[in-house]
Amino acid sequence: MSTAIYTARRNQNLYRQPTKFKLGANSATLIIIAIISLLALLYLTQVTKTGVLGYQLSDLSTKRDDIVTQKRDLSVEAARLQSIQTIRNSQTASRMVPVAAVSYASTNN
Amino acid sequence: MAIFSTEGITRRQRLRVAAVLVFIPMALIVARLGYLQIFRHEYYSLKAVGEHTRSYEIPATRGELYVQDGDNGTVPIVLNQTLNILWANPHFVTDPGGTAAKIAALIGGDVNSYKDKLSQSDSRYALLAQKLPNDLADKLRALKLKGIGLSQQDYRTYPEGTLAAQVLGFVNADGQGQYGVEQYLNDSLEGTPGQLAAKTDTNGIPIATADNIISQPKDGKSYVLTIDRNIEAMAEAELATQIKASHAKSGSVLVMDPTSGAIRAMANFPTYDPNDYNKVTDYNVFSNQTTSSQYEPGSIMKAFTMAAGLDVGKVTPTSTYDDPGCVMVDGRNVCNAAGDKAGNGKTMTVVLRDSLNTGVMYVLRLLGGDVKNITLPGKQMLYDYFVNKFGFGQKTGIEQSGEAAGKVNKPSTAPGNDINYANMTFGQGVSVTMVQMAAAMGAIANGGRLYQPHLVAAELKADGSQQKVMPKVVRDHVISASAAKDLAQMLTVVVMHGSGWKANIKGYENQIAGKTGTAQIAKPDGTGYIDGANIGSFLGYATVVNPKFVLMVRINEPQIDGYAETTTVPAFRDICDWLFKYYNMPPTTK
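These figures come from a predicted structure and were not determined experimentally.

1. Section: the overall build of chain B
Helix and strand counts for chain B stand at 19 helices and 23 strands. Once the C-alpha set of chain B is aligned to its principal axes, its extents read approximately 145 × 60 × 50 Å.

2. Observations concerning the interface of chain A and chain B
With 21 residues of chain A in contact, the opposing surface of chain B contributes 21 residues. In terms of residues, the side of chain A that touches chain B owes the most to one element, helix H2 (residues 25-81) of chain A, which gives 14 residues. Residue composition of the side of chain A that touches chain B, by class: 9 nonpolar, 9 polar and 3 charged.

3. A closer look at the domain arrangement of chain B
All names here are of chain B. Domain assignment breaks chain B into domain 1 (58-191 + 209-225) and domain 2 (228-582). Computed from C-alpha atoms alone, the centre-to-centre distance between domain 1 and domain 2 is 42 Å. Elements represented by at least two residues in the side of domain 1 that touches domain 2 include exactly strand S2 (65-68), strand S3 (74-88), helix H6 (165-168), helix H7 (180-184) and strand S10 (222-228). Partitioned by chemical class, the residues of the side of domain 1 that touches domain 2 number 18 nonpolar, 9 polar and 3 charged.

4. Section: the environment of Ile77(B)
Residues and elements named next belong to chain B. Tracing the backbone through its elements, the reader meets Ile 77 in strand S3. Looking at Ile 77, the number of C-beta atoms within 10 Å reads 28, which means it is buried. Setting aside residues no more than four positions away along its own chain, Ile 77 makes contact with Leu 65, Tyr 66, Val 67, Tyr 158, Glu 160, Ala 164, Leu 168 and Arg 229.

5. Observations regarding unusual backbone geometry
Residue and element names in this part refer to chain B. For the bond from Phe 269 to Pro 270, the omega torsion is 0°, close enough to zero to count as cis. Structurally, Pro 270 is set in the loop between strand S12 (263-269) and helix H10 (289-292). Residue Ala 542 is joined to Thr 543 through a cis peptide bond whose omega torsion reads -10°. Among the structural elements, Thr 543 can be located in the loop between strand S22 (529-542) and strand S23 (549-556).

6. Describing the packing of helix H3 (residues 96-107) of chain B against helix H5 (residues 134-143) of chain B
Residue and element names in this part refer to chain B. Orientation of H3 relative to H5, taken along the N-to-C sense of each, is 155°, at an axis distance of 10 Å. Judged on the interaxial angle alone, H5 and H3 are roughly antiparallel. Note that H3 runs across H5; the crossing there is right-handed. Contact residues: H3 offers Lys 102, Leu 106 and Ile 107, while H5 offers Leu 136, Lys 139, Leu 140 and Leu 143. By residue class, the composition of the contact of H3 with H5 is 5 nonpolar, no polar and 2 charged.

7. Things to note about the environment of Asp69(B)
All names here are of chain B. For Asp 69, the location among the structural elements is in the loop between S2 and S3. Separated by 401 residues in the primary sequence, Asp 69 and Met 470 have C-alpha atoms spaced 20 Å apart. Ignoring sequence-local partners within four residues, the contact set of Asp 69 consists of Thr 74, Val 75, Arg 229 and Asn 230.

8. Concerning the sheet that holds S22(B)
Residues and elements named next belong to chain B. Pairing in this open sheet of 5 strands is antiparallel, and the strands run S12-S11-S23-S22-S21 from one edge to the other. Strands at the two margins of the open sheet, each flanked by one partner only, are S12 and strand S21 (512-522). Taking the axes of each pair of neighbouring strands and ignoring which way they run, one obtains an average angle of 10° across the sheet. Of the strand pairs in this sheet, S22 and S23 are connected by 8 bridges, and their pairing is antiparallel. The partner of Tyr 541 across the bridge, within S23, is Val 550. Set on the sheet, helix H17 (residues 481-497) makes contact with S21 and S22; between it and S21 the angle comes to about 75°.

9. Some thoughts on H17(B)
Residues and elements named next belong to chain B. Over its 17 residues, H17 extends 24 Å from the first C-alpha to the last, a length consistent with the 24 Å expected when each residue adds 1.5 Å. All of the buried residues in H17 are Ala 483, Ala 484, Asp 486, Leu 487, Met 490, Leu 491, Thr 492, Val 494 and Val 495. Residues of H17 that are buried make contact with helix H11 (302-311), helix H12 (348-353), helix H16 (434-445), S21 and S22.

10. Some thoughts on the confidence of the model for chain B
For chain B, mean pLDDT is 92; residues scoring 70 or higher make up 96% of the total. Quick note on the complex model: pTM equals 0.84, ipTM equals 0.78.

11. Remarks on the nonpolar core
Residues and elements named next belong to chain B. With 131 residues, the main nonpolar core has Leu 225, Leu 254, Met 306, Ala 307, Ala 438, Leu 487 and Leu 551 as its most contacted residues. Among the elements that take part in this core, H16 stands out by supplying 10 residues, more than any other. Mapping this core onto the domain boundaries places at least three of its residues in each of domain 1 (58-191 + 209-225) and domain 2 (228-582). Filtering out sequence-adjacent residues up to four positions away, Met 306 remains in contact with Met 348, Leu 352, Val 360, Val 363, Leu 487 and Met 490. Core analysis: the next-biggest nonpolar cluster, separate from the first, contains 11 residues, Val 93, Ile 103, Leu 140 and Ile 148 among them.

12. Quick look at helix H15 (residues 417-424) of chain B
Residues and elements named next belong to chain B. Taking burial as the measure, the 8 residues of H15 include 6 buried ones, the bulk of the element. Along H15, the residues classified as buried are Asp 418, Asn 420, Tyr 421, Ala 422, Asn 423 and Met 424. In this structure, the buried side of H15 is in contact with strand S14 (326-329), strand S15 (332-335), helix H13 (357-367) and helix H14 (376-389).

How each quantity is defined
Starting afresh in each chain, residues are numbered from 1 along the sequence in its written order. Whichever chain is written first is A, and whichever ligand is written first is 1; the rest continue in order. Whole-chain, interface and lining totals are the exception, using all residues; otherwise, since this is a predicted model, local features are given only for residues with pLDDT of at least 70 and side-chain atom pairs are given and counted only at 80 or more. Comment: elements are numbered from the N terminus, with helices defined as DSSP H or I runs of at least four residues and strands as E runs of at least two. Two residues form a contact once the distance between their C-beta atoms, set from the backbone, is within 7 Å. Gly is placed with the polar residues, together with every amino acid not listed as nonpolar (Ala, Val, Leu, Ile, Met, Phe, Trp, Tyr, Cys and Pro) or charged (Asp, Glu, Lys and Arg). Domain start and end points were adopted from an automatic or database domain assignment. Around each residue's C-beta, the other C-beta atoms within 10 Å are counted; 20 or more make the residue buried, 12 or fewer make it exposed, and counts in between make it partly exposed. All C-beta atoms are placed from the backbone. The convention used is that axes are lines fitted to C-alpha atoms, helices contributing only their stretch in contact, and that angles between N-to-C directions extend from 0 to 180 degrees. Any angle from 65 to 115 degrees is called roughly perpendicular, while one under 35 is roughly parallel, one over 145 is roughly antiparallel, and all others are oblique. The sense of a crossing depends on the near helix, which, turned anticlockwise from the far helix by less than a right angle, makes the crossing left-handed and, turned clockwise, makes it right-handed. Between any two strands, at least two bridges found by DSSP are needed for them to pair. Expected span of a helix, by definition, is 1.5 Å for each gap between consecutive residues, and there is one gap fewer than residues. For every residue, the predictor reports its confidence as pLDDT, a number between 0 and 100. The term nonpolar core means buried Ala, Val, Leu, Ile, Met, Phe, Trp, Tyr and Cys residues held together as one set by C-beta atoms within 7 Å.

Following this line, the structure appears as structure tokens:
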């Protein structure tokens, strides 16, 4: 290392002074506004998500109700198809004759 | 000269004045804000909540009803269905004629009727049709008719139509059960609605947030009834045939299991379709006559008078008496039915076979220990058997709304009480219901145990399992087993050789027990009986060795000649014959 460099370094203050970071009033204001805006945005996204979930739940609930309604309709239709009146009026029944004499087989135990 | 001079006022003074002028309003504003937000906090909070929160009632699903299907388990007889109401806001209908035509083309109905409703532009609501199925509703929506809307609503559906209509009842427009099981079990069937308090958006759609308050609806209970739909259908068909044959006004049939009190059929004629209950004009058709109609049963009651005599040992089937033909009681002549002549040495079996009024009056006198006179102890004993043992004069508690209790006058020494009790021995001057008679005959059939007639077999759980309802014994030892056996034999003689001879079925000789009854109908004002009008009944059971069913047929005001043996016994026979086959009960004799 050259003498000139040694000379320069000798007169240097080896302890670094803490940097005095100074934020101006306007900068601070802008930063605060930015932080608040960010938080507000975060809050809005969460609330919107909750709201969207509500709509999805409502859709699912409507679908469920539709399926329950379909099931009910099918149950009613099945009951009507197997009702006494339907059976009596069916083609199968029209080809049947009333029971006359019944013969019982006896078993010897 | 200036009106207002500022000379001599310093800058500081001006600032002070300005400060006061600003401070006072601000202080007022702060005070007002403090008042609103602190002292009136609760009021405005609630108001705010009310603005963006809505309460919804979540309707509970009404319970369903099922019936037996022989050995094939159960089938539904009452269900719920979501159908559609077609309505219009005539104010927004731009083309009433065209709209009416399109609607009529799709769902039917009178075009002009629709047009009239749609033309009333001052009206904001017009009901066009109800109970539209969902497929039709979808087609209507696709038409996108202006001013036309559709709303869904739950309806009660009875897929078997008129089957067991009076037993079931119906549900009215307010969702309340009317008549039958629907009314009796309404509280259990309707369930409990839930509550939803939710924050909503501007369209009223709830927003899922943590503070939505939900109480879930509690659906109504579903039940399995003891009714067997095959027996019910057959009973209704036979009843209709018999009523037509005898040109009668109305009638009923009841089938009951004597070993449990389970009701297998309760048929009534005329009947109605619960799906169209609002089209009925005669409300009498809603009532289940087997439980709600009390009447004087006539000679059927002789079976129970005789039961009392047998049970206390005053008579046996072969005990005899001298039949005078007529007996004077309280100054009035009480005679056997027209054509029956006096005669000596008639047995108690003959009393029932030939339905002799004098014979059962003889039993009443014996109950009191005086062979010549009706006494207070005798009447007390008969009353005890009728009311405290057989259950007449009180409701059975069957699951039917509007059950009648009937009436049995109390014994006393008052004038006219003797003649009343004399009449009671053969079923006049006493009123009963068919279900009471069936329960009492069931006690005779099973050897002395009185069961409570019931319609609910089980409660259906959400998982499809059934919680069975056990039969309830009202009282044991109504009569002794030996008295029941003796009476059973006497009642088979009625069928084999007496007025019930038409009920005899080949192969089941001496296995069908029963008694006919042809009763006069009391005038509504209580001044006597209607001339020429009667109620025919036949009450019996089979088989004697293995009683499987109690069967009662009642025909009101038949217009053909003859007593109950002509008007009711043929129907009893046909139903009995069918039941033997249905229950696979082979003949007992070859």
